[in-house]
Amino acid sequence: MDPREFCRKSAKVSLCSILLCAVLLGFYSQLTHRVVLRQMQLEKKESSEGDCHLDTCRIPEVPRLLYPKAQLLKPTRVDVLVMTPWFAPIIWDGTFDSAILDAQFRNITIGLTVFAIKKYVVFLKLFLETAEKHFMVGHKVNYYVFTDQPAAVPQIPLQEGRQVVVLEVRNYKRWQDISMHRMEMISNFSQRRFLREVHYLVCLDVDMKFSDHVGVEILAPLFGTLHPGFYAGDRQSFTYERRPLSQAYIPRDEGDFYYAGGFFGGSVPEVYRLTVACHQAMMADQANGIEAVWHDESHLNRYLLHHKPSKVLSPEYLWDEQMLQRPPLLRKLRYVAVPKNHAEIRNR
Ligand SMILES: CC(=O)N[C@H]1[C@@H](OP(=O)(O)OP(=O)(O)OC[C@H]2O[C@@H](n3ccc(=O)[nH]c3=O)[C@H](O)[C@@H]2O)O[C@H](CO)[C@H](O)[C@@H]1O
Ligand SMILES: [Mn+2]
């Protein structure tokens, strides 16, 4: 072939190849572009379907947290101690905001233990009726009523999520033994059912009524209540057990507060530990022929001296209007004694 002819032909072949490549490239890029576009459309659809399947895309709803702001330079109470030296809050009116606490403690169940043995069943109706008005309103509550007379437990209308559980137990001849054996019975039932059924236990006297709000502000791993007769007194005035032979003994130069036997509680494991310890101490005392001056209350005080409570309730949470003049610092009376004729109601 003529060399010029050869050059012309190969130039034509090269041109054709280049053109073909360009066409093929264009087609390929169109194709991949479409595939990518389709994929993106699918992804977008999937993600929008996953994000909001009910209506068009919304801004996610975050619950509003509306409450007055705490003011660091304006303490809410300056007339009373609001913190123990071991950094446990002391609960007084004005120190807490239920809007915050109710949200923090939502979805929990509170167990209330109360004993109504022999004549004390007469206190149950008012106790339960007023509890429905003031105790842990809006939360789930199991009232555990320990009694020797299940048939005498009154039927009270209850709010949703709340129930009365009647637990039949034995009685004792002496009122002191009934009071003291509450520790044993609470510890037994803590293991048997409270651990599975509730998050916190609140252990109360029955000869009382609620007269104002008692809510989740009291809940903590372990809490005790200041006895209304001794909140302003010094150690010397406290009626701790003073005989060294008793397991409840507290020397005169020790002690934080005088706690009431009629209102304590905490998480179920902590209340279990407390009630087992107090019961064992009372059994040891019995074996040694000694009974602490204020029975279970003396042992509770000894336990709380060595196991500091994580919250302390002010006397707002346990008051006696017959025995005491209400001081101005007591803005609310939340749980108060019902007058009783001791001679008539005890030991019969
Ligand atoms: C308000 C308060 O802090 N009370 C304490 C206080 O005396 P109280 O004088 O308040 O004792 P109390 O007569 O109320 O007895 C304590 C509780 O035991 C139950 N009970 C008693 C007798 C009876 O026959 N049937 C019966 O069910 C009942 O739940 C009663 O509330 O000191 C007692 C020990 O001396 C207990 O530590 C109480 O908790
Ligand atoms: Mn009582």
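Residues numbered from 1 in each chain as written. Chains lettered and ligands numbered in written order. Predicted model: local features only at pLDDT ≥ 70, side-chain atom pairs only at ≥ 80, totals over all residues. Heavy atoms only, no water.

### Here we look at the layout of surface pockets
Piece 1. Here the largest pocket is characterised by a volume of approximately 1,100 Å³.
Piece 2. Forming the walls of the largest pocket are 41 residues, and the residues nearest its centre are Asp-205, Asp-207, Lys-340, His-342 and Arg-346.
Piece 3. Elements supplying a minimum of two residues to the lining of the largest pocket: strand 2 (109–116), helix 4 (175–197), strand 8 (259–267), helix 6 (295–306) and helix 7 (342–345).
Piece 4. Ranked by residues supplied to the lining of the largest pocket, first place goes to helix 4 with four residues.
Piece 5. Among the residues forming the lining of the largest pocket, the class breakdown is 21 nonpolar, 10 polar and 10 charged.
Piece 6. Counted as a void, the second largest pocket has a volume near 650 Å³.
Piece 7. Around the second largest pocket, the lining is made up of 23 residues, and of these Ala-70, Thr-76, Gly-94, Thr-95 and Phe-96 lie nearest the centre.
Piece 8. Those elements giving two or more residues to the lining of the second largest pocket turn out to be strand 1 (90–91) and helix 2 (98–104). (1 Å grid on protein atoms, 1.4 Å probe; cavity = no way out; pocket = protein on both sides within 12 Å on 5 of 7 lines; lining within 4 Å. Points joined across faces, edges and corners; volume = space filled by probe spheres on them. Helix = DSSP H or I, 4+ residues; strand = E, 2+ residues; numbered from the N terminus. Nonpolar A, V, L, I, M, F, W, Y, C, P; charged D, E, K, R; others polar.)

### With respect to the pairing of strand 2
Piece 1. The buried count for strand 2 comes to eight of eight residues, which makes it a mostly enclosed element.
Piece 2. Residue alternation in strand 2 divides its side chains into two sets, Thr-109, Gly-111, Thr-113 and Phe-115 and Ile-110, Leu-112, Val-114 and Ala-116, and both sets are buried.
Piece 3. Two strands pair when backbone bridges link them, and strand 2 and strand 3 (residues 140–147) are joined in this way by eight bridges, in the parallel orientation. Across the sheet, Thr-109 pairs through a bridge with Lys-140, a residue of strand 3.
Piece 4. Each parallel crossover has a hand, and the one from strand 2 via helix 3 (residues 124–134) to strand 3 is right-handed.
Piece 5. Two elements, strand 2 and strand 5 (residues 200–204), share five bridges in a ladder whose sense is parallel. The residue bridging Gly-111 from the neighbouring strand is Leu-201, located in strand 5. (Buried < 20%, exposed > 50% of the residue type's maximum accessible area, 1.4 Å probe, protein only. Pairing = 2+ DSSP bridges. Right-handed = clockwise from strand over helix to strand, strands pointing away.)

### Observations regarding the sheet that holds strand 1
Piece 1. Strand order in this open sheet of eight strands is 1-9-7-8-5-2-3-4, and the pairing throughout is mixed. Each edge of the open sheet is held by one strand with a lone partner, namely strand 1 and strand 4 (162–168).
Piece 2. Sheet topology places strand 3 next to strand 4; seven bridges connect them, and they run parallel. Note on strand 4: the bridge partner recorded for Thr-147 is Glu-168.
Piece 3. Its contacts with the sheet put helix 5 (residues 268–287) on strand 5, strand 7 (222–226) and strand 8, and the angle it makes with strand 8 is roughly 140°. (Contact = heavy atoms within 4.5 Å. Axes fitted to C-alpha atoms, helices over the stretch in contact; angles between N-to-C directions.)

### Points about the side chain of Ser-267
Piece 1. When you line up the elements, Ser-267 lands in strand 8.
Piece 2. Dropping the residues within four chain positions of it, Ser-267 is found in contact with His-199, Tyr-200, Ala-220 and Pro-221.

### Section: empty space enclosed by the protein
Piece 1. Throughout the structure, instances matching the rule amount to one cavity of 30 Å³ or more.
Piece 2. In this model, the largest cavity occupies a volume close to 80 Å³.
Piece 3. If you trace the largest cavity, you find it lined by Thr-113, Val-114, Phe-115, Ser-179, Arg-182, Met-183, Ile-186, Cys-203, Leu-204, Gly-261, Phe-264 and Asp-296.
Piece 4. Elements with a minimum of two residues in the lining of the largest cavity: strand 2, helix 4, strand 5 and strand 8.
Piece 5. Residue contributions to the lining of the largest cavity peak at four residues, all from helix 4.
Piece 6. Broken down by class, the residue content of the lining of the largest cavity amounts to seven nonpolar, three polar and two charged.

### Details of the site of ligand 1
Piece 1. The full set close to ligand 1 counts 21 residues, and Phe-115, Tyr-120, His-295, Asp-296 and Arg-346 are the nearest of them.
Piece 2. With respect to ligand 1, the side chain of Asp-207 contributes an N or O atom lying 2.8 Å from an oxygen atom.
Piece 3. The cavity that encloses ligand 1 is the largest pocket.
Piece 4. Listed by contribution, the elements that provide at least two residues to the shell around ligand 1 are strand 2, helix 4, strand 8 and helix 6. (Near = heavy atom within 4 Å. Polar contact = N/O pair within 3.5 Å; in protein donor to acceptor, adjacent residues only side chain to side chain. Sits in = over half its atoms within 2 Å of the grid points.)

### Observations concerning the UniProt feature "binding site: UDP-N-acetyl-alpha-D-galactosamine" (unreviewed entry) in the chain
Piece 1. Here the UniProt-annotated "binding site: UDP-N-acetyl-alpha-D-galactosamine" (unreviewed entry) positions come out as Phe-115, Ala-116, Ile-117, Tyr-120, Asp-205, Val-206 and Asp-207. A maximum C-alpha distance of 11.3 Å is found for the annotated residues, which run over 93 residues; spatially they form one tight group. Checked against the lining of the largest cavity, the annotated residues reduce to Phe-115.
Piece 2. Counting through the fold element by element, Ala-116 comes out in strand 2.
Piece 3. Excluding its chain neighbours within four sequence positions, the residues that come into contact with Ala-116 are Val-121, Leu-124, Phe-146, Thr-147 and Asp-148.
Piece 4. Looking at the secondary structure, you find Ile-117 in the loop between strand 2 and helix 3.
Piece 5. Not counting the four nearest positions on each side in its chain, Ile-117 is found in contact with Phe-146, Thr-147, Asp-148, Gln-149, Val-169, Arg-170, Asn-171 and Ile-178. (UniProt positions renumbered as here; feature names shortened; annotations may be inferred.)

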